[in-house]
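For reference, the chains in residue letters:
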Amino acid sequence: MTNIILAICTKILILCDICFAHIRHVESVHQTDEQEALIQIRPLLKNVLYRGYMRDDDFLLPFIKANHFDVHGAKVMILNHIKWRIDNRIDTIQEENISTERELVYTYGKDRDNRPVILVRMGLNDIRKVLVSGKEEDAERTAWKLAETLFVNAREANVSQVVAVIDMNGFSYRQHACRECIPFLKKIASTMESNYPGIAKAVFIINTPRLFEVLLNIVRSVLAEATKNVLYNFGFDKEEYTQALLEYISLEQLQILFGSNISSENIEKSRSNVRRTHSHLKISDPLYETILSDLLKQKQPESKIHKLSSNSTANKLSMILIFIGLLSLVKIYVVMK
């Protein structure tokens, strides 16, 4: 009987080793395709990557991954992003004094891995009032300013992702899910996906009523699968969402973000400590025309770098095999007794 148990254990170990070898192979192929895609895309964009950081892997890779390693698709997405930056003056948006930003309560922090964190108390913001009063453009620019600030802070901290906490305490369907609100929220989410792909390490939405899931599903419809997978919706159970947040953010940082003793003066101080860019780069008309021309003359490539299958399947298979092996051992133990 002992020999049978040893034989079963040996087989389980061999199967697990095969699965983990497959995982390592997939990761190796994945890294190879990343490098190949980077080599291919840089010459295609050499005339339009007008800022130094745009030539870095950390800038290019999120666009490549968002297009499943399709270099042509990534190129078009980056060209559209650069056009969006120029059209909306994103390079200097942090220096703007936007009226709707003053109505939004938010604080900055960092997570355990030095990623930027932002807490936005969205439930206190009357979106409908902002939109019906004709301030939609200012509201959009406020969103872009926050996103760009996080992007710049991440780059300066040598990280590529951020954590967002959206507090919906005070949520009202009239103020946040009105007829004007839903298209606006979808536009914000869609623009974020197009211009800051893969930037979210985690997005926590807290203090939400039960029916909030309906609104969230509408917004989810414009999100990439990678973003959906890091979107966490919590109700009013403070203990539950605090435990989830503590996996990413230290208690000290949570106290800075949520501390009841934080005054409006402290909030303004945290905003003023945010790092800002000092570039006043002016975009030349020839560059803008080059981008537009390139967008209009896109041709489908003859070959594509295909999306790699996720290694999560191999992980699950390994766990299943281990579980089956353990069940076999239990069964043998019961028979022996």
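Because the structure is a prediction, the values reported are computed rather than measured.

Peer 1: Tell me about the overall build of the chain, and please be specific about residues and values.
Peer 2: A count of helices and strands for the chain gives 14 helices and 5 strands. Split into buried and exposed, the 337 residues of the chain put 42% on the buried side. The contacts of the chain with a sequence gap of at least 6 include a subset with a gap of at least 24, amounting to 82%. Counting only carbon and sulfur atoms, one obtains 55% of the accessible surface of the chain, whose full area is about 19,200 Å².

Peer 1: An account of the pattern of salt bridges is needed here, citing residue identities and associated values.
Peer 2: Enumeration according to the criterion identifies 17 salt bridges in this entry. Put simply, R85 and D91 hold a salt bridge, and the shortest N to O gap is 3.0 Å. Judged on exposure class, the residue R85 and its partner D91 are both buried. D113 is the salt-bridge partner of R115, the closest N and O atoms lying 3.4 Å from each other. Each of the salt bridges in this network shares a partner with another, and the network as a whole consists of R51, R85, D91 and E148.

Peer 1: Explain the state of the cysteines residue by residue, including any values.
Peer 2: Such a bond, covalent and formed between the sulfur atoms of two cysteines, is termed a disulfide. According to the stated counting rule, one finds 1 disulfide in the structure shown. Paired through a disulfide, C178 and C181 show a sulfur-sulfur distance of 2.2 Å. On the sign convention where negative means left-handed, the S-S torsion of about 80° between C178 and C181 marks this disulfide as right-handed. Just as C178 is buried, C181 falls in that class too.

Peer 1: Tell me about helix 10 (residues 238-246), residues and numbers included.
Peer 2: Listed as buried for helix 10 are Y241, A244 and L245. Buried residues of helix 10, viewed axially, fall in a sector of 100°; they line one side. In this structure, helix 10 carries E239 and Q243 as exposed residues pointing more than 90 degrees from its buried face. Tucked into the core, helix 10 has its buried residues touching strand 3 (162-167), strand 4 (200-206) and helix 11 (251-258).

Peer 1: I'd like to hear about the nonpolar core, residue by residue, with values.
Peer 2: Counting 64 residues, the largest nonpolar core has F59 and I78 as the members making the most contacts within it. What F59 contacts, discounting residues up to four positions off in sequence, is L49, Y53, M54, I78, H81 and F151.

Peer 1: So what's going on with the pairing of strand 3? Residues and values would help.
Peer 2: Taken across its 6 residues, strand 3 has 5 buried, putting it largely inside the fold. Bridge count for strand 2 (residues 116-120) against strand 3 is 4 bridges, and the pairing is parallel. Its bridge partner being in strand 3, L119 is matched across the sheet by V165.

Peer 1: Give me the lowdown on the sheet that holds strand 1 (residues 106-110), citing residues and values where you can.
Peer 2: An order of 1-2-3-4-5 is seen for the 5 strands of this open sheet, with the pairing classed as mixed. Two strands lie at the open edges of the sheet, namely strand 1 and strand 5 (231-233), each paired on one side alone. Neighbour-to-neighbour, the strand axes of the sheet open up by a mean angle of 15°, direction not taken into account. Pairing between strand 3 and strand 4: 6 bridges, direction parallel.

Analysis parameters
Residues numbered from 1 in each chain as written. Predicted model: local features only at pLDDT ≥ 70, side-chain atom pairs only at ≥ 80, totals over all residues. Heavy atoms only, no water. Helix = DSSP H or I, 4+ residues; strand = E, 2+ residues; numbered from the N terminus. Buried < 20%, exposed > 50% of the residue type's maximum accessible area, 1.4 Å probe, protein only. Contact = heavy atoms within 4.5 Å. Areas by Shrake-Rupley, 256 points an atom, 1.4 Å probe, with all protein chains shown as cover. Salt bridge = Lys/Arg side-chain N within 4 Å of Asp/Glu carboxyl O. Disulfide = S-S within 2.5 Å. Arc of directions from axis to C-beta. Core = buried A, V, L, I, M, F, W, Y, C linked by side-chain atoms within 4.5 Å. Pairing = 2+ DSSP bridges. Axes fitted to C-alpha atoms, helices over the stretch in contact; angles between N-to-C directions.

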